[in-house]
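A structural walkthrough
Here is how the chains run, residue by residue.
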Amino acid sequence: MAKITTLDEFIIQRQKDFPYATGELSGLLRDIGLASKIISREVNKAGLADISGAANSNQNASGEEVQKLDVLADNLLISCLQNSGECCGIASEENHTFVPIHGSPNAKYVVLFDPLDGSSNIDAGISIGTIFAIYRRVSDDGVCTLEDFLQDGVEQIAAGYVLYGSSTMLVYTAGNGVNGFTLDPSIGEFCLSHADMQIPKQSDIYSVNQGAYRKFNAATQAYIDDCMDRSYTFRYVGSMVADVHRTLIKGGIFMYPATTKAPKGKLRLLYECNPLAMIVEQAGGKATDGKQRILELEATELHQRTPIYMGSSDMVTQLEEVVYQMSPAKELV
Ligand code: AHM
Ligand code: MG
């Protein structure tokens, strides 16, 4: 039987990858792994119990309907991170402002997450996911501050996602490649299944909510037209973690552009786009808002949104070229 490497073993073996190599960050990753195992169990039971419906008139920080499982996942992640002692505060899609962890005021890290992305898909039995980003705090010891969370994506120490799909997978990077682990439910462990993940440079798959085509800018429309002219395969789950995971494995481009309805795009920079952009870049791909690298966008507010295009490097480069060619500033030159 081939040797199995569990997530815990792998993290210990790779301690040297972590810039501060003190064991704190590896402890945080293990806590996130633990929370996600419990979330996975609850997601799998969603059809059995009355936990998949919308919570009574709750709305998240962006004014959208919150599902009960979102709240459960949010609470689980917070309590696992509270117990770790390594995290001084969290920010998440489900909380209007950041939440200091009072038991660990001198801890060195903050964690931002979307506890259950794509949750409108729960009732349809479609894959959903957890996304997380870890930063080293910039404030002095004591209660964390907003500036600890408003860091640019390039400052991420580690980032990853958990996909609750046909199997549950945890994929993370600590800035030295991307590795994926599949949950073996029989032993309750994430086992290394996708070592050193690399995104193909070019592919023939594009992923976007094509029903909103008429609301996209002209450059995005032109790029999509080109994909159609080339008879590229169109795939869109509507759960970003699932769409990005497929993009990582098979290559392609995932797009959530600005629309006339949402001029800044829909997806959140700090806990959706930055972590997935770090993963994609670490796997050899690219992530842009059309003009600028996602990881270099200035973070100004917790729930800030951005358009995003990410995936196979050649495809994202071509998209950027179309945006450049069609930008009004270029026409003036
Ligand atoms: P959520 O955080 O409220 O779940 O919304 C994010 C999700 C992403 O997973 C997905 O890519 C996108 O919303 C789909 O939106 P749309 O239905 O507009 O295509
Ligand atoms: Mg989300």
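Look above for the structure.
The present account deals with the structure reproduced in this document. (Residues numbered from 1 in each chain as written. Chains lettered and ligands numbered in written order. Predicted model: local features only at pLDDT ≥ 70, side-chain atom pairs only at ≥ 80, totals over all residues. Heavy atoms only, no water.)

1. Overview of the sheet that holds strand β4 (residues 99-100)
Under the convention used in this document: Strand pairing is defined by DSSP finding a minimum of two bridges between the two strands. Secondary structure counts use DSSP, requiring at least four H or I residues in a row for a helix and at least two E residues in a row for a strand, with both numbered from the N terminus.
One open sheet holds the 8 strands; their spatial order is β4-β3-β5-β6-β7-β8-β9-β10, and the pairing between them is mixed. The open sheet terminates on both sides in strands that have one partner only, identified here as β4 and β10 (189-194).

2. With respect to the coordination of the magnesium ion (ligand 2)
Put simply, a metal with four donors set out as a tetrahedron has ideal angles of 109.5 degrees, and one with six donors set out as an octahedron has ideal angles of 90 or 180 degrees. Note the threshold: For Na, K and Ca the donor cut-off is 3.2 Å, while for other metals it is 2.8 Å, and in both cases only N, O and S atoms qualify; water is not among them, so sites may look incomplete. Classification of residues uses two cut-offs on accessible area relative to the type maximum, computed with a 1.4 Å probe and protein chains only: under 20% is buried, over 50% is exposed, and between them is partly exposed.
Donor atoms from the polypeptide that coordinate the magnesium ion (ligand 2) comprise Glu93 (OE), Asp114 (OD), Asp117 (OD) and Glu272 (OE), at 1.9 to 2.5 Å from the metal. Spacing between the donor residues of the magnesium ion (ligand 2) along their common chain follows E-x20-D-x2-D-x154-E. You can call Asp114 buried: its relative accessible area is 0%. Judged by its relative accessible area of 8%, Asp117 falls in the buried class.

3. Quick look at the site of ligand 1
Where we set the bar: Here, proximity means that at least one heavy atom of the residue falls within 4 Å of the molecule or strand. Here a polar contact is recorded for every N or O atom pair within 3.5 Å, except that within protein the pair must consist of a potential hydrogen donor and a potential acceptor, and residues adjacent in sequence are included only if both atoms are side-chain atoms. Residues were grouped as follows: Ala, Val, Leu, Ile, Met, Phe, Trp, Tyr, Cys and Pro as nonpolar; Asp, Glu, Lys and Arg as charged; and all remaining residues, including Gly, as polar.
Surrounding ligand 1, one finds 17 residues, the nearest of these being Asp117, Gly118, Tyr236, Met240 and Tyr256. Contact between ligand 1 and Tyr256: an oxygen atom at 2.5 Å from a side-chain N or O atom of the residue. In the model, an oxygen atom of ligand 1 is placed 3.1 Å from a nitrogen or oxygen of the Glu272 side chain. Mapped onto the shell around ligand 1, the elements with two or more residues apiece are β5 (109-117) and β13 (253-256). The residue makeup of the shell around ligand 1, split by class, is 5 nonpolar, 5 polar and 7 charged.

4. Observations regarding the pattern of salt bridges
Rules: Only one rule defines a salt bridge in this text: a Lys or Arg side-chain nitrogen within 4 Å of an Asp or Glu carboxyl oxygen.
In this structure the tally under the stated criterion is 11 salt bridges. Close ionic contact of Arg268 with Glu93 constitutes a salt bridge, the shortest N to O distance being 3.1 Å. Here Arg268, found in the loop between β13 and α7 (269-282), pairs with Glu93, found in the loop between β3 (87-92) and β4; they are 175 residues apart in sequence, far enough to count as distant. With its nearest N and O atoms 2.7 Å apart, the salt bridge here joins Arg230 to Asp226. Judged by relative accessible area, Asp226 falls into the partly exposed class, the value being 21%.

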